[in-house]
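Reading the structure
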Amino acid sequence: MACALIIIVLVAAAAASAFTPTVTANSEGDALYALRRSLNDPDNVLQSWDPNLVNPCTWFHITCNQDNRVTRVDLGNSKLSGHLVPELGKLEYLQYLELYKNTIQGPIPAEFGHLKNLISLDLYNNNITGNIPPTLGKLKSLVFLRLNDNRLTGRIPRELTGISSLKVMDVSNNDLCGTIPTTGPFEHIPLNNFENNPRLEGPELLGLASYDTNCS
């Protein structure tokens with residue numbers, strides 16, 4: 001009888017633990033919640049981001065695949081301010097990161113280079129500063145890279161020339177320096193996608209000019 005009672009207690013405990021999961025065991029939920037903590041959200045668009053849920057797939061503005069892995073973050077034009085967080089680099093299945101038309105400040109984390117499935121990185125119309133991370137050159141699935149209308153500085157990383165999938169890139173209206181790459185996907189990107197960077201010169205002449213001119 002005692003053994004049977006012990007077995008019943010253990011089974012009940014296991015069942016209870018199975019139905020009380022938290023996002024603390026879910027690295028993707030943790031990463032997104034770190035973003036929520038770093039942002040000011042006057043319209044409460046992140047109100048549904050509840051850290052006590054098993055995963056973030058029921059949160060508004062989040063899309064998951066059939067395996068409950070995060071594939072989209074859609075927070076464009078949401079009146080958000082604050083900073084991006086390196087934890088977002090843990091969203092290994094993320095395909096679309098849409099944070100355009102907010103007032104987000106600070107740098108683009110180098111950890112974004114871990115987002116190996118990323119197709120679209122839209123951070124345009126914010127107040128983002130610092131350099132474009134060379135680690136973005138690791139994003140071999142990237143098609144859209146829109147960073148225009150920010151306050152980015154530094155050169156355009158030559159690592160980006162190795163992204164053969166890149167079709168759309170816009171870095172206009174920043175404070176970039178150096179020259180515009182001309183190889184790889186940059187052969188087909190229009191020059192007006194680089195305009196209004198006062199220290200950025202025209203397409204580089206390979207072997208004739210330094211690509212980081214005006215960057216000192």
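Residues numbered from 1 in each chain as written. Predicted model: local features only at pLDDT ≥ 70, side-chain atom pairs only at ≥ 80, totals over all residues. Heavy atoms only, no water.

**A look at the pattern of salt bridges**
- Under the defined criterion, the tally for this structure stands at six salt bridges.
- For Arg69, the salt bridge goes to Glu28, with nearest N and O atoms at 3.4 Å. Taken as a pair, Arg69 in the loop between β2 (62–64) and β3 (70–74) and Glu28 in helix α2 (residues 27–38) lie far apart in primary sequence, 41 residues in all.
- Between Arg72 and Asp74 there is a salt bridge, with the nearest N and O atoms lying 2.9 Å from each other. (Salt bridge = Lys/Arg side-chain N within 4 Å of Asp/Glu carboxyl O. Helix = DSSP H or I, 4+ residues; strand = E, 2+ residues; numbered from the N terminus.)

**Some points on the sheet that holds strand β7 (residues 120–122)**
- Read across the sheet, six strands follow the order β2-β3-β5-β7-β9-β11 without closing on themselves; strand pairing throughout is mixed. What marks the edges here is a single partner per strand, and that holds for β2 and β11 (168–170). Within the sheet, the average angular offset between the axes of one strand and its neighbour, ignoring direction, is 10 degrees.
- The pairing of strand β5 (residues 96–98) with β7 spans three bridges and is parallel. (Pairing = 2+ DSSP bridges. Axes fitted to C-alpha atoms, helices over the stretch in contact; angles between N-to-C directions.)

**Some thoughts on the packing of aromatic side chains**
- With the rule as written, the count across this model stands at three aromatic pairs.
- Seen in terms of ring centroids, Trp49 and Trp59 are 5.2 Å apart; in terms of plane orientation they differ by 25 degrees. Their pairing is stacked. One end of the pair, Trp49, is in the loop between β1 (39–40) and β2; the other, Trp59, is in the loop between β1 and β2, with 10 residues separating them in the sequence. Taken as a pair, Trp49 and Trp59 share a single burial class, namely buried.
- Above the plane of the ring of Tyr96 lies Arg72, whose end atom (NZ or CZ) is 4.3 Å from the centre. (Phe/Tyr/Trp six-rings, centres within 6.5 Å; stacked < 30°, edge-to-face > 60°. Buried < 20%, exposed > 50% of the residue type's maximum accessible area, 1.4 Å probe, protein only. Lys NZ or Arg CZ within 6 Å of the ring centre and 35° of its normal.)

**What about the sheet that holds strand β12 (residues 175–180)?**
- As summarised here, the arrangement of the seven strands in space is β1-β4-β6-β8-β10-β12-β13, forming an open sheet in which the pairing is mixed. Edge positions in the sheet fall to β1 and β13 (199–203), since each of these pairs with one other strand and no more.
- In this sheet, β12 lies alongside strand β10 (residues 151–154) in parallel orientation, the contact comprising two bridges. By the bridge assignment for β12, Thr153 is matched with Asp175.

**Digging into the confidence of the model for the protein chain**
- Residues at a pLDDT of 70 or more form 85% of the protein chain, whose mean pLDDT is 89.
- Per-residue pLDDT stays below 50 along residues 1–25; that stretch engages in 14 contacts with residues further than four places along the chain or on separate chains. (pLDDT = per-residue confidence, 0-100. Contact = heavy atoms within 4.5 Å.)

**With respect to the side chain of Ser120**
- Residue placement: Ser120 occurs in strand β7.
- The class of Ser120 is buried, set by a relative accessible area of 1%.
- Separated by 2.9 Å, the side chains of Ser120 and Glu98 make a polar contact.
- Polar side-chain contacts of Ser120 include one of 3.2 Å to the side chain of Asp122. (Polar contact = N/O pair within 3.5 Å; in protein donor to acceptor, adjacent residues only side chain to side chain.)

**Examining the side chain of Asn126**
- Inspection of the secondary structure assignment puts Asn126 in the loop between β7 and β8 (127–130).
- What makes Asn126 buried here is its relative accessible area of 5%.
- A distance of 3.3 Å separates a polar atom in the side chain of Asn126 from the backbone nitrogen of Thr103.
- In contact with Asn126, other than residues within four places in its own chain, are Leu99, Tyr100, Lys101, Asn102, Thr103, Ile104, Asp149 and Asn150.

**Some words on the state of the cysteines**
- Within this structure, the stated rule accounts for two disulfides.
- The disulfide bridge from Cys57 ends at Cys64, spanning 2.2 Å between sulfur atoms. Since a negative S-S torsion denotes a left-handed disulfide, the Cys57-Cys64 link at about -95 degrees is left-handed. (Disulfide = S-S within 2.5 Å.)

**Some remarks on the pairing of β12**
- Here β12 lies mainly inside the structure; five of its six residues are buried.
- Of the pairings in the sheet, the one linking β12 to β13 comprises three bridges and is parallel in character. Looking across to β13, one finds that Gly178 is bridged to Leu200.

**Details of the environment of Leu200**
- You can see Leu200 is positioned in strand β13.
- Here the alpha-carbon distance between Leu200 and Thr153, two residues 47 residues apart in the chain, equals 9.9 Å.
- The residues touching Leu200, leaving out its near neighbours within four places in the chain, are Ile156, Leu176, Cys177, Gly178, Thr179, Ile180 and Phe194.

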